[in-house]
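Report on the structure
If you want the building blocks of each chain, they are given just below.
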Protein chains: 2
Amino acid sequence: MPDFSNFACPVLLRDCPHVILGHGGGGSLSRDLIEGIFLAAFSNSLLDRLDDSTVLDLAADLGHGGRLAVSTDSYVVRPLFFPGGSIGDLAVNGTVNDLAMSGARPLVLTAGFILEEGLPIAELAAVVARMAVAARAAGVRIVAGDTKVVERGHGDGVYINTSGIGVVPDGVAVGREPVQPGDAVLCSGTIGDHGMAIMSVREGLSFEAAIESDSAPLHGLVAAMLAVCPEIRMLRDPTRGGVATILNEIATRTGAGIEIDEEAIPVNPPVAAACEILGLDPLQVANEGKLLAVVPADAAEQVLAAMRGHEHGKEAVTLGRVVAAHPRRVVMKTAIGGTRVIPMPIGEQLPRIC
Amino acid sequence: MPDFSNFACPVLLRDCPHVILGHGGGGSLSRDLIEGIFLAAFSNSLLDRLDDSTVLDLAADLGHGGRLAVSTDSYVVRPLFFPGGSIGDLAVNGTVNDLAMSGARPLVLTAGFILEEGLPIAELAAVVARMAVAARAAGVRIVAGDTKVVERGHGDGVYINTSGIGVVPDGVAVGREPVQPGDAVLCSGTIGDHGMAIMSVREGLSFEAAIESDSAPLHGLVAAMLAVCPEIRMLRDPTRGGVATILNEIATRTGAGIEIDEEAIPVNPPVAAACEILGLDPLQVANEGKLLAVVPADAAEQVLAAMRGHEHGKEAVTLGRVVAAHPRRVVMKTAIGGTRVIPMPIGEQLPRIC
């Protein structure tokens, strides 16, 4: 948990160190909140205009006239701070990653906050500081924002929506060619870290080794992969519902069969141990800094090497392959030589994971 | 209030007619909700791809290579349905209007939903249907979405974030020239309708004549204004905090003085009566289908005529003017010949108005 004393209430807000309904009213209290918290953290030439909407010049701001990627995600993770991250960096990295899955270079984000009356301003400042750090790390600017305040008991501290725009570089052809038998299914690293980090702190579980969220921006990794193979068939980040959900979605949407190898699945030992104790399947646990890629067989080794050369893909593996057998189904070859169908999870193991 | 029986639970969701936490889990329950509710209402070629982010081709989808406007807004209005509108059409029109205030033609929206466990699916379907109708009316497509579910008591039915992208036509020069003394301040119609509609239904007040929200998309009106005067100095929609807040923001940001005429302020008689009974100032009450414009003096008559020729500007008036006296202050010339400073409202009269 962060020490909120590091986030002294800004001078502008000293008389009012908790969020009150008036902070959402559009008047001078709202202005104090915007200037004291959001502009202080996110300031840039586009946001500072404080216009109702922000105009991007395609040539000057985007440096590009081709294709844009657009995405939106709301973040309701509980608690707001957890080992390895917070709702703030999750709200940046999550949407950056959704853009990256189109092969895009993330460019700008918008940020919409729904605050609960009574939230300490210092806690909001801490969340916003994490967002600002994550945005700088990912190389994106937050160019538009909005704040609403709801009555105590009608929210949960902070909910954040981020929407993002990215530029898809010329030549990038993610998804142009359909998934086909023989394609390799790659995974960028260990799975289940984020979900188990949240579960451990929320349920008060302590394991021998610390489990940290893997929250990270993945567009750099994607760019490295696309540099060696612009025709990646599919890129997805396995967040809610985990790898099992994404593989089933790929199988359902493309009509392909997918076969994965149990022995290839990378799981950090403390995550594996925690999953075993709790009876959870790491394949169904959420990730926030991992991706799955379907790539043509003849490019698989090159892409894997490019992933392993990147800080967010050091432990990348070939998880399995696309097969002509069992269309629309995901099947795992088990360590002892059997096979098992990996079903689409129905609901979720742990609500409000992101 | 709408009759939710018109919104039968989609077949996919029959077994589960209320929102449950699993609808936010990313698994097959999430998929049922997305297909049964959101795709059914918003279907279009970009959204139907169900990718993590949606790629816009600047030439094909935008028909343009120039400037983009970007905006975001969260909607937490209570109740979800009110005379003249609902959170659904507000979420479309509000963000469309923010884009329009940059002179942009709104193009695409994203929609992020935070649902409370226990929300009847039929009620969600009704909200979403209103959004779809409003989006069609405004000529925008909803191209990306996200759904999170929070536990009962941690939300309030439905919160919606919409973020929007618009294209600023070549030649549009909103804000290029600074506000200066002599400029006219125009208002597109009666003020206070939205805020008083919400207040009347929320507080169980009934007035002789019905008061309806003015929720409407304003980009068509803006286009008509820009056709006769591309150099409009400033466009703002007076939502939370009302006209008083926006005029003060303009005065503060530009350093200009603003003078308005009390007799010119257009207020519907039932709204005026309700404000008087409740001791409210219509200048501080929210609007959702009105705009304020600062225009060069020599173009004012032409712009006013263009506004009056548009369905959303029939009752447009000259509210006042920019003056060299009292910089950064808004002053009203009262009906009886005096003057009164219009201060920046501090908080809000009525929380969760939008």
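Residues numbered from 1 in each chain as written. Chains lettered and ligands numbered in written order. Predicted model: local features only at pLDDT ≥ 70, side-chain atom pairs only at ≥ 80, totals over all residues. Heavy atoms only, no water.

Some thoughts on the relation of the copies chain B and chain A
As a reminder of what qualifies: Here the copies were fitted onto each other by least squares, based on C-alpha atoms from residues at pLDDT of at least 70 in both. The contact criterion used is simple: two residues touch if any of their non-hydrogen atoms lie within 4.5 Å.
Between chain B and chain A, the superposition needs a rotation of 180 degrees and an axial shift of 0.0 Å, giving an RMSD of 0.0 Å. Within this description, the copies of the chain are treated as partners about a two-fold rotation axis. Here 100% of the contact residues of chain B are again contact residues in chain A; the copies associate through an equivalent surface.

Some remarks on the sheet that holds strand 6 (residues 141-150) of chain B
Threshold: In this description, strands pair whenever DSSP reports at least two bridges between them. Segments assigned H or I by DSSP are reported as helices when at least four residues long, segments assigned E as strands when at least two residues long, and all are numbered from the N terminus. Interaxial angles span 0 to 180 degrees and are taken between N-to-C directions of axes, which are lines fitted to C-alpha atoms, for helices over the stretch in contact.
Across the sheet, which stays open at both edges, the five strands sit in the order 1(A)-2(B)-7(B)-5(B)-6(B) with mixed pairing between neighbours. At either end of the open sheet lies a strand with only one pairing partner, and these are strand 1 (54-57) of chain A together with strand 6 of chain B. Mean inter-strand twist for the sheet, computed between neighbouring axes without regard to direction, equals 15 degrees. In the sheet, strand 1 of chain A pairs with strand 2 (residues 67-75) of chain B via four bridges, with the strands oriented antiparallel. Residue pairing for strand 2 of chain B: Thr54(A) is matched across the bridge by Val70(B).

Topic: the interface of chain B and chain A
Cut-off, in case you're wondering: Using a 1.4 Å probe, buried area is obtained as the accessible area two parts lose upon being combined, added over both of them. Salt bridges are defined as contacts in which a side-chain nitrogen from Lys or Arg sits within 4 Å of a carboxyl oxygen from Asp or Glu. Identification of polar contacts relies on pairs of N or O atoms within 3.5 Å, with a donor-acceptor requirement for protein atoms, meaning one able to donate a hydrogen and the other able to accept it, and with residues adjacent in sequence counted only if both atoms are side-chain atoms. Three residue categories are used. Nonpolar comprises Ala, Val, Leu, Ile, Met, Phe, Trp, Tyr, Cys and Pro, charged comprises Asp, Glu, Lys and Arg, and polar comprises the others, including Gly.
Listed per partner, the contact involves 74 residues of chain B and 74 residues of chain A. When the two sides are added together, the surface that chain B and chain A hide from each other amounts to roughly 5900 Å², 53% of it contributed by carbon and sulfur. A salt bridge links Arg78(A) to Glu151(B); the nearest nitrogen and oxygen atoms lie 2.8 Å apart. The tally of links from chain B across to chain A stands at 27 residue pairs in polar contact (both at pLDDT 80 or more). Tallying contributions element by element places strand 2 of chain B first for the side of chain B that touches chain A, with eight residues. Tallied by class, residues from the side of chain B that touches chain A come to 27 nonpolar, 27 polar and 20 charged.

Quick look at the pairing of strand 12 (residues 317-323) of chain B
Residue and element names in this part refer to chain B. So the rule is basically this: Only protein chains enter the accessibility calculation, which uses a 1.4 Å probe; a residue whose area is less than 20% of its type maximum is buried, one above 50% is exposed, and one in between is partly exposed.
Among the seven residues in strand 12, five count as buried, and that is most of the element. With four bridges joining them, strand 8 (residues 184-187) and strand 12 adopt antiparallel strand pairing. Among the inter-strand pairings, Ala184 is bridged to a residue of strand 12, identified as Arg321. Of the strand pairs in this sheet, strand 10 (residues 257-261) and strand 12 are connected by four bridges, and their pairing is antiparallel. Within strand 12, the residue paired with Gly257 across the bridge is Val323.

Quick look at unusual backbone geometry
Trans is the prevailing form of peptide bonds, just as negative phi is the prevailing case for residues other than glycine. The peptide bond linking Arg78(A) to Pro79(A) adopts the cis configuration, its omega dihedral lying at -5 degrees. Looking at the secondary structure, you find Pro79(A) in the loop between strand 2 (67-75) and strand 3 (81-82). Its identity as a non-glycine residue notwithstanding, Arg352(A) has a phi of 55 degrees, on the positive side. As for its position among the elements, Arg352(A) is in the segment after strand 14 (339-341). Positive phi, normally seen in glycine, also occurs at His326(B), with a value near 30 degrees. Take His326(B): it is sitting in the loop between strand 12 and strand 13 (330-333).

A short note on the domain arrangement of chain A
Quite often, the size of an interface is put as the accessible area lost when its parts meet. Residue and element names in this part refer to chain A. Using the following cut-off: Segmentation of the chain into domains, including their bounds, is taken from an automatic or database domain assignment.
Taken as a whole, chain A is organised into domain 1 (10-168) and domain 2 (184-341). In this structure, domain 1 and domain 2 have C-alpha centres spaced 29 Å apart. Taken residue by residue, the interface counts 19 residues in domain 1 and 20 residues in domain 2. Between domain 1 and domain 2, roughly 1600 Å² of surface is buried when both sides are summed, and carbon and sulfur atoms account for 61% of that area.

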